Amino acid sequence: MKFFWTLDSARRHNYGMALSLLFASLFAAAPPVEASTVQNVRIGDGEVIVAFDDLVAEASAFSLSGPDRIAIDISGATAGGSGASGGLIRSVRQGQFDSDTTRIVLDLNGPARVRSGAFAADGKSLHLQIEPLGSPDLVGQRQVFMPPLAFRAEPPSRKPAAKVALGRPSQGLKLPKIYGPTDSNRPLVVIDAGHGGHDPGAISPHGGQREKYVTLAIAKAIRDRLIRGGRVRVALTRDDDRFLVLEERFGIARKMKADLFISIHADAAGNETASGATVYTLSEVASDREAAKLAARENKANIINGVNLGGTDAEVSSILIDLTQRETMNVSTDFAKLLHREGSQSVNFRAVPHRFASFVVLKAPDTPSILFETGYLTNEDDVKFLSSPTGQQQLAEGVGKAVEIHFARKLASR
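The notes below deal with the structure included here. The residue numbers shown here count from 1 along each chain, following its written sequence. In keeping with the predicted nature of the model, local features appear solely for residues at pLDDT of at least 70, side-chain atom pairs appear and are counted solely at 80 or more, and the whole-chain, interface and lining totals rest on all residues. Side-chain numbers come from the whole structure's heavy atoms, not from hydrogens or water.

The next thing to look at is the overall build of the protein chain. Put simply, DSSP marks the helices as runs of H or I at least four residues long and the strands as runs of E at least two long, and each gets a number from the N terminus on. Within the protein chain, the secondary structure is distributed over seven helices and 19 strands. Exposure categories follow from relative accessible area, calculated using a 1.4 Å probe and restricted to protein chains: below 20% of the type maximum is buried, above 50% is exposed, and the middle band is partly exposed. Counting across all 414 residues of the protein chain, residues that qualify as buried make up 50%. For the protein chain, the accessible area works out to roughly 18,800 Å², and carbon and sulfur atoms hold 52% of it. Every accessible area reported is derived by Shrake-Rupley at a probe size of 1.4 Å, with residue values counting cover from the shown protein chains alone.

What follows is the structure, encoded as structure tokens:
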């Protein structure tokens, strides 16, 4: 193991295209799996805090002698971020133990062990208490630490594992109004304001703003900007303070045959200095799970990206779904990059603006989808920006430009 020192397409294919991709896929290599990244390792008085940019599966730690050191293994993470030293800890190193595990090594000034440890309430940082030992012979066994159940990521895996069903909108759920041009050939963009009703989302400590209201205001601003542009049709999953289950949100987009789905959210963090927008698209692991689940459904008479799976066997269905979802993910990724490029002229983005995650609302197999975390409600400056009409208009302008360029490119490519 090598260590390094840490430093501070069209929406729907026709059947012929799907089959062409099917044969091409037999010779294609699988893309790498995305994982959480270690943001930093902070050293305090007898304490070590390892922070991540997303959820991890689990962590463990054990002591070694000759020389004295403590190894921390993080499952579901990749190495990165900054390190520090002080007190018992002489230096910090990081390396990739295997494809799914990062190992952090604390080089010590003397024998020591991990006395106790636990994850933070949001699952995004690990806190370890370190104590010195009189002799290296007193080092203990490996200790395992699990994030809170509600914030526990599964280890990355290339094996399909069905976990979350692809939902449909409730039978009685009324589809939303479509705004903009009456020409049904114009692209349809569905904007989803996150949270709502009894689910307030994040609540800001700087004024008490609730995420459900902030996201709705931003979604309406984006809708109005797209209507003014006159180039696309647009719909909102909700235009008032109502609750929708996650599957209903992207289910609405699928039922309306949307060309693009944008879910609007506002982030929260334990560190109030965290700020900036982030664009999320579906991770490879989540894609595999959903493709497997959809292929295994009893009712195979589903239209996926224009291909009717009713007459295909399980293996062919699985491959076609996988191809469809990979194409959808590619389109989603292209739009995410475009949104960052156009939006960054007026919106502050995080240092790594495009990330991958397993958000349920991103799991429609045939609708390009992004989740736009517009900023942090826990950051005072971000809150002012997100809750102000000026900030909302700037966000809407960035999204509007990205949407129009996205569909202009697709039209030109035809």
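After that view of the structure, there is still more to cover.
Along helix α6 (residues 380–387), the residues classified as buried are Asp-382, Val-383 and Leu-386. Burial along α6 is one-sided: seen end-on, the buried residues are contained in an arc of 100°. Among the exposed residues of α6, those oriented more than 90 degrees off its buried face are Asp-381 and Lys-384. Along its buried surface, α6 packs onto α2 (211–229), β14 (260–267), β19 (369–376) and α7 (389–413). Of the residues flanking the start of α6, the one acting as N-cap is Asn-379, its side-chain oxygen 3.0 Å from the backbone nitrogen of Asp-381. Along the arc lie the directions from the helix axis toward the C-beta atoms. Residues are treated as being in contact if the distance between any of their heavy atoms lies within 4.5 Å. We call two N or O atoms a polar contact when they sit within 3.5 Å, provided that within protein one can donate a hydrogen and the other can accept it, with sequence-adjacent residues counted only if both atoms are side-chain atoms.

Packing of α6 against α7 brings their axes to within 4 Å, and their N-to-C directions diverge by 80°. Judged by the inter-axis angle, α6 sits roughly perpendicular to α7. Packed against α6, whose contacting residues are Phe-385, Leu-386 and Ser-387, the element α7 presents Pro-389, Gly-391, Gln-392, Gln-394 and Leu-395 at the interface. Only Asp, Glu, Lys and Arg are considered charged in this grouping, and only Ala, Val, Leu, Ile, Met, Phe, Trp, Tyr, Cys and Pro are considered nonpolar; every other residue, Gly among them, is considered polar. Class assignment for the residues of the contact of α6 with α7 results in four nonpolar, four polar and no charged. Where helices are involved, their axes are fitted lines through C-alpha atoms of the stretch in contact, as for all axes, and angles between N-to-C directions lie from 0 to 180°. Orientation is classified from the angle alone, with under 35 degrees giving roughly parallel, over 145 giving roughly antiparallel, 65 to 115 giving roughly perpendicular, and any other angle giving oblique.

Turning next to the pairing of strand β10 (residues 125–132). Pairing between two strands requires that DSSP report at least two bridges joining them. Relative to β10, strand β3 (residues 47–52) is paired through five bridges, and the arrangement is antiparallel. The partner of Ala-51 across the bridge, within β10, is Ser-125. Where strand β9 (residues 112–119) lies against β10, seven bridges are found, and the strand directions are antiparallel. Following the sheet pairing, Ala-118 is matched in β10 by His-127. Counting the residues that bridge the hairpin from β9 to β10 gives five residues, and of these Gly-123 lies at a positive phi of roughly 75°.

Right, let's get into the sheet that holds strand β6 (residues 77–78). Strand pairing in a sheet takes place through backbone hydrogen bonds and is either antiparallel or parallel in direction. Read across the open sheet, the five strands follow the order β6-β2-β3-β10-β9; overall the sheet is mixed. Here the strands that pair on one side only, and so sit at the sheet edges, are β6 and β9.

Among the nonpolar cores identified, the biggest contains 38 residues, and Val-189, Ile-191, Ile-262, Phe-372 and Val-403 are the most heavily contacted of them. No other element matches α2, which puts seven residues into this core. Counting 24 residues, the second-largest nonpolar core is a separate cluster that includes Val-41, Phe-52, Phe-119 and Leu-128. To qualify as a nonpolar core, a set must consist of buried Ala, Val, Leu, Ile, Met, Phe, Trp, Tyr and Cys residues joined through side-chain atoms within 4.5 Å.

Let us now look at the pairing of strand β12 (residues 188–193). Counting buried residues along β12, six of its six residues qualify, which places the element largely inside the surrounding structure. Burial of β12 is two-sided: the residues Leu-188, Val-190 and Asp-192 facing one way and the residues Val-189, Ile-191 and Ala-193 facing the other way are all buried. Inspection of the sheet shows β12 paired to β14 by five bridges, in the parallel sense. Bridging across to β14, Ala-193 finds its partner in Ile-264.

With that settled, consider the packing of aromatic side chains. Aromatic pairing here means that ring centres of Phe, Tyr or Trp (its six-membered ring) are within 6.5 Å. Orientation follows from the plane angle: under 30 degrees is stacked, over 60 is edge-to-face, and everything else is tilted. Under the definition given, this model contains two aromatic pairs. Taking the centre distance of 6.1 Å and the plane angle of 15° together, the rings of Phe-349 and Phe-372 count as stacked. Taken together, the residues span a long stretch of sequence, with Phe-349 in strand β18 (residues 349–357) and Phe-372 in strand β19 at a distance of 23 residues. Per residue, the accessibility class of Phe-349 equals that of Phe-372, and both read buried. Here the guanidinium or amino end of Arg-223 rests over the ring plane of Tyr-179, the centre of that ring lying 4.9 Å away. We call a charge positioned over a ring when the NZ of a Lys or the CZ of an Arg lies within 6 Å of the ring centre and within 35 degrees of the ring normal.

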